[in-house]
Number of protein chains: 2
Amino acid sequence: MEPIRVLVVDDHDVVRKGIITYLLTEDDIDIVGEASSGNEGAKVAKDLSPDVILMDLMMENGTGIDATEKIMKDLPNAKIIILTSYYDDEKVFPALEAGAFSYMLKTSSAEEISTAIKKAAKGENVIEPKVAGAMMNRIRTPDRMPHELLTERELEVLICIGNGLTNNEISEKLFIGIKTVKTHVSNILSKLDVQDRTQAAVYAHRNGLMKETN
Amino acid sequence: MEPIRVLVVDDHDVVRKGIITYLLTEDDIDIVGEASSGNEGAKVAKDLSPDVILMDLMMENGTGIDATEKIMKDLPNAKIIILTSYYDDEKVFPALEAGAFSYMLKTSSAEEISTAIKKAAKGENVIEPKVAGAMMNRIRTPDRMPHELLTERELEVLICIGNGLTNNEISEKLFIGIKTVKTHVSNILSKLDVQDRTQAAVYAHRNGLMKETN
DNA sequence: TTTTTACTCAGACCACAGACGGAGAGCTTG
DNA sequence: CAAGCTCTCCGTCTGTGGTCTGAGTAAAAA
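The following refers to the structure shown. Since we're looking at a predicted model, the values are computed, not measured.

**Focus: the overall build of chain A**
Along its length, chain A carries 10 helices and five strands. Split into buried and exposed, the 214 residues of chain A put 50% on the buried side. Partitioning the intrachain contacts of chain A with sequence separation of at least 6 by distance along the chain shows that 64% fall at a separation of at least 24. Of the accessible surface of chain A, which amounts to about 10400 Å², a share of 50% is contributed by carbon and sulfur atoms.

Rendered as structure tokens:
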């Protein structure tokens, strides 16, 4: 049986080198390449077409989710294993929707990761307990995130609220009347099912909507 | 010259193994132990009294800052190098105050880390560019963080605001009158130099005051 | 073409938020 | 002891926030 061709994408040098060094001790795993950013990872993947890709989320240059999406377009058969530091509800499903095959945490042991790679090569996906729990929740409540119901304009207004702007300041910033702002705010509050702008701001922060500005 | 005795503390198995595997290739570095949590790290450090300790912040069981503090009590001569994933303003200075010797990011190359270890052993500390920048700011503006001016009670109220509670809800939760809550809120707003509770909530989230509840 | 959705704005209304001034009780510090 | 800080509470007043109802325009979907 041929060794599994693996690509490792992680912007943390030591982590990447470390994973690779470990995986090199595995006979049936072959490290064919490495990349230190999502963009680079997508390019390298296209060139090498590896069997399995170990992908970090949270990278500085091009997030792992974008990279996953790109790679899946080029190589629909690639098995991408997300390997990230902390469990983040907001990241899991975007990653899985982008085409990730497994979702592992770096708290996993080295053995678990190598078996995850081998299983991925066979087409078996590994589900972390925490991720499994979240998936159960998602299945139970297949709702969209409330803020996905917001229109573009409403999202703009919500970002402003998340930055602590008053209705007046928002109206000046977006060049619209205060009345209009109030309308938007009211709609936002009812769509997010919160009672006031402060809760809306909290919502925006908790759900990662402030990433651009924060 | 004797090899430098190094202890590696990181709750991510692959990361820890990876760092170790790499450092083993260095002749003048000797890995004497490893630990997968802050608490364990403190114990092991006491037993082994290593020269240099590579310490991850953000661990699930006992944060690296606490561990650093403990270790420095036991081994005032230990050089603790913080090695963490992401730069976090709120974590750097507590870590340095706790006695950390250097502050490195995992984006550093493996070479940088091994040289940091060697320099630490000699008594030279390595400062990441980002950390250096933050230190300059701290020196230029040796102000306390505004929220450090808050009293305990005010901080409690601020957390409530950060959770989107109204004055009424806060008064019920803390078993005090609404008037009292209003007084606290007013004081908080002026101390944080913000105009309304929404901005206060934003402040709380941006400055990591919601970590317990978030 | 008709219908729907998004964006805009208006007036009226009420409740809460927040500012300001004042005050008493308890606790620590000089 | 006196001074200072914290936490508590009161009354008053103004402005903003938010709801509700209603409505016009433009673009996209049916």
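**Section: the protein's contact with DNA strand C**
Around DNA strand C there are 17 residues in total, and T151, G177 and T180 of chain A together with S186 and R197 of chain B lie nearest to it. Measuring from a phosphate oxygen of DNA strand C, one finds a side-chain N or O atom of T180 of chain A at 2.7 Å. Here S186 of chain B contributes a side-chain N or O atom positioned 2.7 Å from a phosphate oxygen of DNA strand C. If you list the elements that add at least two residues to the surface near DNA strand C, you get α7 (152-162) and α9 (178-192) of chain A together with α9 (178-192) of chain B. A class-by-class count of the residues in the surface near DNA strand C yields three nonpolar, eight polar and six charged.

**Things to note about the side chain of S37 of chain B**
Residues and elements named next belong to chain B. Take S37: it is sitting in the loop between β2 (29-35) and α2 (38-48). The exposure class assigned to S37 is buried, which follows from its relative accessible area of 11%. Among the polar contacts listed, one links the side chain of S37 to the backbone nitrogen of E40, at a separation of 3.1 Å.

**A look at the protein's contact with DNA strand D**
Close to DNA strand D lie 17 residues; S186 and R197 of chain A together with T151, G177 and T180 of chain B are nearest. Considering DNA strand D, the proportion of its atoms within 4 Å of the protein that are sugar or phosphate atoms stands at 65%. Here a phosphate oxygen of DNA strand D sits 2.3 Å away from a polar atom, N or O, in the side chain of T151 of chain B. T180 of chain B is positioned with one of its side-chain polar atoms (N or O) 2.8 Å from a phosphate oxygen of DNA strand D. Only α9 of chain A together with α7 (152-162) and α9 of chain B provide two or more residues apiece to the surface near DNA strand D. Here the residues of the surface near DNA strand D are counted per class, giving three nonpolar, eight polar and six charged.

**What to know about the packing of α7 of chain A against helix α8 (residues 167-174) of chain A**
Residues and elements named next belong to chain A. Running from N to C, α7 and α8 point in directions that differ by 130°, and their axes come no closer than 10 Å. Classified by the interaxial angle, the pair formed by α7 and α8 is oblique. Here α7 and α8 pass one another in a crossing that is right-handed. Between α7, through R153, E156, V157, C160 and I161, and α8, the contact on the second element is made entirely by I170, K173 and L174.

**Re the pairing of strand β1 (residues 4-9) of chain A**
All names here are of chain A. A large share of β1 lies buried, amounting to five of its six residues. Pairing of β1 with strand β2 (residues 29-35) involves six bridges; the strand directions are parallel. Its bridge partner lying in β2, V8 is registered against E34. Handedness of the crossover joining β1 and β2 through helix α1 (residues 13-23): right-handed.

**A few points about the relation of the copies chain B and chain A**
Laying chain B over chain A is done by rotating through 180° and shifting 0.3 Å along the axis; what remains is an RMSD of 0.4 Å. What the superposition gives is, in effect, a two-fold axis relating one chain to the other. Considering only C-alpha atoms, the part of chain B nearest the rotation axis is G18 of chain B, at 1.5 Å. Mapped onto chain A, 100% of the interface residues of chain B again fall at the interface, so both copies present the same surface.

**Re the interface of chain B and chain A**
Listed as interface residues are 36 residues of chain B and, on the opposing side, 37 residues of chain A. Counting the surface lost from both chain B and chain A, the interface buries some 3000 Å², and carbon and sulfur atoms represent 58% of this. For the pair chain B and chain A, the number of links is zero salt bridges. Taken together, the links from chain B to chain A amount to seven residue pairs in polar contact (both at pLDDT 80 or more). When contributions to the side of chain B that touches chain A are tallied by element, the ones reaching two or more residues are α1 (13-24), α5 (110-122), α7 and α10 (197-206) of chain B. A per-element tally of the side of chain B that touches chain A places α10 of chain B first, with seven residues. Of the residues assigned to the side of chain B that touches chain A, the class counts are 11 nonpolar, 16 polar and nine charged.

**A few points about the sheet that holds strand β3 (residues 52-55) of chain B**
Strand pairing within a sheet occurs via backbone hydrogen bonds; the two strands may be parallel or antiparallel. Residue and element names in this part refer to chain B. With parallel pairing, the five strands of this open sheet are ordered in space as β2-β1-β3-β4-β5. With partners counted over all chains shown, the strands left at the sheet margins are β2 and β5 (102-105), one partner each. Neighbour-to-neighbour, the strand axes of the sheet open up by a mean angle of 25°, direction not taken into account. Its contacts with the sheet put α1 on β1 (4-9), β2, β3 and β4 (79-84), and the angle it makes with β2 is roughly 165°.

**Details of unusual backbone geometry**
In most cases, non-glycine residues show a negative phi, while peptide bonds are predominantly trans. For F175 of chain A, which is not a glycine, the phi torsion comes out positive at approximately 60°. You can see F175 of chain A is positioned in the loop between α8 and α9. A positive phi is found at S49 of chain B, a non-glycine position, where the angle reads about 40°. Within the secondary structure, S49 of chain B is located in the loop between α2 and β3.

What counts, and at which threshold
- Residues numbered from 1 in each chain as written.
- Chains lettered and ligands numbered in written order.
- Predicted model: local features only at pLDDT ≥ 70, side-chain atom pairs only at ≥ 80, totals over all residues.
- Heavy atoms only, no water.
- Helix = DSSP H or I, 4+ residues; strand = E, 2+ residues; numbered from the N terminus.
- Buried < 20%, exposed > 50% of the residue type's maximum accessible area, 1.4 Å probe, protein only.
- Contact = heavy atoms within 4.5 Å.
- Areas by Shrake-Rupley, 256 points an atom, 1.4 Å probe, with all protein chains shown as cover.
- Near = heavy atom within 4 Å.
- Polar contact = N/O pair within 3.5 Å; in protein donor to acceptor, adjacent residues only side chain to side chain.
- Nonpolar A, V, L, I, M, F, W, Y, C, P; charged D, E, K, R; others polar.
- Axes fitted to C-alpha atoms, helices over the stretch in contact; angles between N-to-C directions.
- Parallel < 35°, antiparallel > 145°, perpendicular 65-115°, else oblique.
- Left-handed = near helix turned anticlockwise from the far one by under 90°.
- Pairing = 2+ DSSP bridges.
- Right-handed = clockwise from strand over helix to strand, strands pointing away.
- Least-squares fit on C-alpha atoms with pLDDT ≥ 70 in both.
- Buried area = accessible area lost by both parts, 1.4 Å probe.
- Salt bridge = Lys/Arg side-chain N within 4 Å of Asp/Glu carboxyl O.

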